Number of protein chains: 2
Amino acid sequence: MQITLKDIARIAGVAESTVSRALNDKPGVGRDTKLKILKIAKENNYRPNQLARGLAAKQTNMIAVILSEMESPGNIEIVKSIEKAAEAKGYQIILCNTNNQEEKEKSYLSLLESNQVDGAIFIGGKLVGSHLLRASFSPENNIVLVNRLAEENFFTSVLTDYSKGVDKAVKHLVEQGFQNIALICGQQMDLIEEEKIGGYKSALNKAGVEVKQELIFPTKSARQAGYNVFLDIIKKGVIPDAFISTRELTTIGLVEAIKMGGYFIPDDFAVVGYGNNIITSVIEPPLTVISEPVEKLASYSFEFLLKLINEKMNDQQIEVLTPELIIRESSISKYN
Amino acid sequence: MQITLKDIARIAGVAESTVSRALNDKPGVGRDTKLKILKIAKENNYRPNQLARGLAAKQTNMIAVILSEMESPGNIEIVKSIEKAAEAKGYQIILCNTNNQEEKEKSYLSLLESNQVDGAIFIGGKLVGSHLLRASFSPENNIVLVNRLAEENFFTSVLTDYSKGVDKAVKHLVEQGFQNIALICGQQMDLIEEEKIGGYKSALNKAGVEVKQELIFPTKSARQAGYNVFLDIIKKGVIPDAFISTRELTTIGLVEAIKMGGYFIPDDFAVVGYGNNIITSVIEPPLTVISEPVEKLASYSFEFLLKLINEKMNDQQIEVLTPELIIRESSISKYN
DNA sequence: TTGTATGCGTTATCAC
DNA sequence: GTGATAACGCATACAA
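What counts as what
Residues numbered from 1 in each chain as written. Chains lettered and ligands numbered in written order. Predicted model: local features only at pLDDT ≥ 70, side-chain atom pairs only at ≥ 80, totals over all residues. Near = placed C-beta within 6 Å. Helix = DSSP H or I, 4+ residues; strand = E, 2+ residues; numbered from the N terminus. Nonpolar A, V, L, I, M, F, W, Y, C, P; charged D, E, K, R; others polar. Contact = placed C-beta atoms within 7 Å. Pairing = 2+ DSSP bridges. Buried ≥ 20, exposed ≤ 12 C-beta atoms within 10 Å, placed from the backbone. Core = buried A, V, L, I, M, F, W, Y, C linked by C-beta atoms within 7 Å. Axes fitted to C-alpha atoms, helices over the stretch in contact; angles between N-to-C directions. Least-squares fit on C-alpha atoms with pLDDT ≥ 70 in both.

Chemist: Whenever I open this one, the protein's contact with DNA strand D confuses me. Can you help?
Modeler: The full set close to DNA strand D counts 27 residues, and Leu5(A), Ser17(A), Ala15(B), Ser17(B) and Gly30(B) are the nearest of them. Secondary-structure elements contributing two or more residues to the surface near DNA strand D are α1 (5-12), α2 (16-23) and α4 (50-57) of chain A together with α2 (16-23) and α4 (50-57) of chain B. A per-class count over the surface near DNA strand D returns 12 nonpolar, 10 polar and 5 charged.

Structure representation (structure tokens):
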């Protein structure tokens, strides 16, 4: 059995409250008593029971990281970074995966409601549903949203400027001489996809290139979906000369399909993919990508959450980060 | 503020203990009272406080998943699978990353010691240190080791048969006509690396191929390390005709270095890599790999842990899983 | 500076 | 079948 605070009090011959104060570096403890207590604690390898501490102090030093999907390498990168930041501040993270199911999200929300965690970071996901909205009204619920837009956003959020990302991609492709640029976006038609499409259209307009609605392909977020969409496109006969793929896994599938079809990148089709991960860099040819600022997304979100927890931040904050365009072989024009 | 069990008791006009029994499906509650209580709980969106429950019942329904490194895609895959299995059984997972630091491992162990989690799964890592060993003597500590060997192993473990994996790779390469097969293994010289080297030597012996000690290259587990080791090999002049790389990231770096050097796979060097992940399958050429049984590693380890927690398993269990060899282009011989 | 008392929300052990 | 009541381990307001 693990030694408890009470045991230490008994051994040291002092009251439990004194031990508690000493252990938590709180004022009001004599130097000598404190030293004695710390010594006993160390000798007996004392570990505070976080459950009891959480129950009494309403602070658990744990945060929930709630993922809409664990498949995206980018999301995993964000989690890694958050874990690192959290560890440095003495926080533990609970990893939750909703698989885009609203039901699960609701159930994970109860981690917050039942004070099991001090806060939660939601990464990705669709529109903010009613359950989340309700939660937002509760001042105790410390929530930060990452890459999740909402019509009415009451949450502190860290966002990627998807519009700007697509804009950069279009601009680059047009400069390379491409005129029939297809956009492969998500199909759930939330604000994020609208942003991408908006960026796409406005960038084309700016460049004086005609927008063709039939070059916009809403697609699921999966490797297979990226594969299939290319086959569909070929079948339909609306042949683009370049692709902008705005999701990580879809990008991989798309490239595979193009190569499988006997076509060459970028000679037959230029490709701008999504996510500066190890995959897009080792694939042949190396992919030009819209690169999400994963590190910053992580550090901002954790920092914001910490501020929320410590109540040093009263009102909602929104940070919008601009993705980079990393140019590699897959988008270098044959026209040059 | 969240509604509590006490509130429900007040509303229903019964004792707290009755509410607790009703909510937990325990016998000793009248049908009608139970129904009434359940109704009130539902109406008020009652969520039990898991901290209090954990404190009182000494069961938290949380397990710790402690990773030696978050960089390996394979490890992440295992985590994903565990998360899935855990979720199905009503368990939450706490994700911890030790970065191969024994200090951190020790600190995460306190999650167990302080009853914050019901059990822990350790994925990867070096030898079992003294702190872990000490923990093994405590009967309350429910611990399962994944891919972690120890001289004296007192833990329930799920292991990959690395020796067999390398054996399969060697056999395949020899059949393809390769005679100078280099082995790139880890450098920490624990039992796992010894196993790999053992499998390598015995497979060569079986095949009647001379073992050359200078073809064994202990290397760090990192992409850059894989890159560097190839440069070193070329510099040294001990030129192999095939590589077996036994770690995921090292494999990627190795392949990049070979291609960067202007060599062709498999014509100049055949490659058998490690880990059937998305990277090794999209890289050019698609890599023959020793494929870790990630799904099984995850399901066995969680299952074992569950049994330990429920005390249906008294003695230590060890499950050894055999990796598959997935043959793709990178190891198909020029000699054919 | 130190000790006492109470509470955090739940489960468990008794009685009745 | 139901209800007090005591834990669980810790933090904190208040008293001394």
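Chemist: How do you make sense of the interface of chain B and chain A when you look at a structure like this?
Modeler: By a widespread convention, an interface's size corresponds to the accessible area lost as its parts come together. Taken together, the 31 residues of chain B in the interface contact 31 residues of chain A. For the side of chain B that touches chain A, the secondary structure elements donating two or more residues are α4, α5 (73-88), β2 (92-97), α6 (102-113), α11 (248-260) and α12 (278-282) of chain B. Split by residue class, the side of chain B that touches chain A holds 14 nonpolar, 11 polar and 6 charged. Relative to β2(B), strand β2 (residues 92-97) of chain A runs antiparallel, the two being bridged by 3 bridges. Looking across to β2(B), one finds that Ile93(A) is bridged to Leu95(B).

Chemist: Sorry, what's going on with the pairing of strand β1 (residues 62-67) of chain A here?
Modeler: The side chains of a regular strand alternate between both faces of the sheet. All names here are of chain A. Where burial is concerned, most of β1 is hidden: 6 out of the 6 residues are buried. The two faces of β1 match: Met 62, Ala 64 and Ile 66 on one face and Ile 63, Val 65 and Leu 67 on the other face are all buried. With 6 bridges joining them, β1 and β2 adopt parallel strand pairing. By the bridge assignment, Val 65 is partnered in β2 with Leu 95. As paired strands, β1 and strand β3 (residues 119-123) are joined by 5 bridges and run parallel to one another. Following the sheet pairing, Val 65 is matched in β3 by Ile 121.

Chemist: Any chance you could explain the nonpolar core here in plain terms?
Modeler: When a protein is soluble and globular, its nonpolar side chains tend to lie buried together. Within the largest apolar cluster, 176 residues are counted, with the highest numbers of intra-cluster contacts made by Val65(A) and Val65(B). If near-sequence neighbours (up to four positions away) are discounted, Val65(B) is found in contact with Val79(B), Ile82(B), Ile93(B), Ile94(B), Leu95(B), Cys96(B), Ile121(B) and Ile123(B).

Chemist: How should I be thinking about the sheet that holds strand β8 (residues 242-245) of chain A in this particular structure?
Modeler: What holds strands together in a sheet is hydrogen bonding between their backbones, with the strands either parallel or antiparallel. Residues and elements named next belong to chain A. An order of β7-β6-β8-β9-β10-β12 is seen for the 6 strands of this open sheet, with the pairing classed as mixed. In this open sheet, the two strands that pair with only one neighbour each are β7 (216-219) and β12 (324-326). Averaged over all pairs of adjacent strands, the angle between strand axes in this sheet comes to 20°, irrespective of strand direction. In the sheet, β8 pairs with strand β9 (residues 270-274) via 3 bridges, with the strands oriented parallel. Looking across to β9, one finds that Ala 242 is bridged to Ala 270. Helix α8 (residues 162-175) rests against β6 (181-186), β8, β9, β10 (288-291) and β12 of the sheet, and its axis sits at about 165° to β8. Sitting on the sheet, helix α10 (residues 223-236) is in contact with β6, β7 and β8, with an inclination near 145° to β7.

Chemist: Just checking my understanding: could you explain the relation of the copies chain B and chain A for this structure?
Modeler: Look at the two chain copies: a rotation about an axis and a shift along it is all it takes to match them. For these two chains of identical sequence, chain B goes onto chain A by a turn of 180° and a shift of 0.0 Å along the axis, with RMSD 0.2 Å. Viewed as a symmetry operation, the transformation between the two copies matches a two-fold axis. Here 100% of the contact residues of chain B are again contact residues in chain A; the copies associate through an equivalent surface.

Chemist: For this particular structure, what's the right way to read the sheet that holds strand β12 (residues 324-326) of chain B?
Modeler: Residues and elements named next belong to chain B. In space, the 6 strands of this open sheet follow the order β7-β6-β8-β9-β10-β12, with mixed pairing throughout. Each of the sheet's edge strands pairs with one partner strand only, and the pair in question is β7 (216-219) and β12. Neighbouring strand axes in the sheet, compared pairwise and without regard to direction, differ in orientation by 20° on average. Sheet topology places strand β9 (residues 270-274) next to strand β10 (residues 288-291); 3 bridges connect them, and they run parallel. Residue pairing across strands places Gly 273 opposite Val 289, the latter belonging to β10. Each of β6 (181-186), β7 and β8 (242-245) touches helix α10 (residues 223-236); the most contacted strand, β7, lies at about 145° to it. Packing of α11 onto the sheet brings it into contact with β6, β7, β8 and β9, and relative to β9 it is tilted by some 155°.

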